[in-house]
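# Secondary and tertiary structure notes
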Amino acid sequence: MSVRFLVRRIGFYTLIAVVLFFFAVPMLWLASAPFDARPGLGLRWPDWTLDNVGKTLEHPHTLSSLLNSLILCGIATAVTTVCAALAAYALSRVRIPGRDLLLYLLLLLSSVVTGTAAMVPIFVMMFQLGLINSQYGTALVIAGGMLPAAIFILKDFMDSVPRSYEESARVFGASPGQVLRHVVLPVARPGIATILVWAFVNAWGNFLLPFLLLRDVQAQPAAVLLRTLQDEGGSANLTVIPVFSLLYSIPVVLLYLVVSKRYGFRFHGGIKS
């Protein structure tokens, strides 16, 4: 083993250790601060207590905001996943002139539709439609912003499904809907699972759109409520925020673990004809 190789290995593992440290410290704080009698911004061994949990649950909007987030993200995720699967299958099987250019344009525009530049037109449109303070309307706007990227990712999975599978099903009399449900979607299931979790995480952490379109505190999700958790002096309430942050992270972690165990994740198709 040469000295140069040894130095490179030491440098590599040192870099990995530093990166892991930066990721581990926030996670350790999130795991310990909710149960610390004197929580702070630093990481230390906590004085264990459950009083913070009780104070957080006493907040009048804690549970309702989490429920609002589940409703908002559930609708946005379902709309994104279903529409992206149908659109990706159509774009994969139908030869349209300029199809690839259309996909790249959709992907490019997806970064603009939900960006800050589009907030004023979106707000005006929702106001004119009477959908301000509507969770369903807000969920559709969030889904519309995620849909182009979801279609772009899922199309690769649809391309990986051999056409011979569909032809065999048609020989036995399967309708186009049956081919899609029983042949294409099961094969592309890892991609659909990836999009489902990706869409849920993006909708779950979306702050700007719900903040602008949901003016009633009773309809606001947890991402918006989090910024209002302050003490009497206007500072961040470190008694409530750690517990609320821990509760806020649980649905995403559970969804990831369940879907990962059942389907796995890939960002490319895995079957080639």
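The structure under discussion appears in the preceding block.
Report follows, based on the coordinates. (Residues numbered from 1 in each chain as written. Predicted model: local features only at pLDDT ≥ 70, side-chain atom pairs only at ≥ 80, totals over all residues. Heavy atoms only, no water.)

## Points about the overall build of the protein chain
- The number of helices and strands found in the protein chain is 12 helices and 0 strands.
- Going residue by residue from the N terminus, the α and β elements of the protein chain occur as α-α-α-α-α-α-α-α-α-α-α-α.
- Scaling as 2.2 N^0.38, a compact globule of 273 residues should have a C-alpha radius of gyration of about 19 Å, whereas the protein chain reaches 23 Å, well beyond that.
- Viewed in the frame of its principal axes, the protein chain has a C-alpha envelope of about 70 × 70 × 35 Å.
- Each of the 273 residues in the protein chain was classed as buried or not, and the buried ones make up 37%. (Helix = DSSP H or I, 4+ residues; strand = E, 2+ residues; numbered from the N terminus. Rg over C-alpha atoms; globule rule 2.2 N^0.38 Å. Buried < 20%, exposed > 50% of the residue type's maximum accessible area, 1.4 Å probe, protein only.)

## Side note on the side chain of H61
- With respect to the element layout, H61 can be found in the loop between α2 (51-58) and α3 (62-93).
- Other than its neighbours up to four places away in sequence, H61 contacts V217, Q218 and L225. (Contact = heavy atoms within 4.5 Å.)

## Details of helix α1 (residues 3-32)
- For α1, built from 30 residues, the straight-helix expectation of 44 Å at 1.5 Å per residue is met to within 8% by its first-to-last C-alpha distance of 42 Å.
- Within α1, the full set of buried residues consists of W29, L30 and S32. (Expected span 1.5 Å × (residues − 1).)

## Topic: the environment of M158
- Within the secondary structure, M158 sits in helix α6 (residues 135-160).
- Owing to a relative accessible area of 0%, M158 belongs among the buried residues under this scheme.
- Separated by 115 residues in the primary sequence, M158 and L43 place their C-alpha atoms 47 Å from one another.
- If near-sequence neighbours (up to four positions away) are discounted, M158 is found in contact with A85, A88, Y89, S92, R93, V184, L185 and A188.

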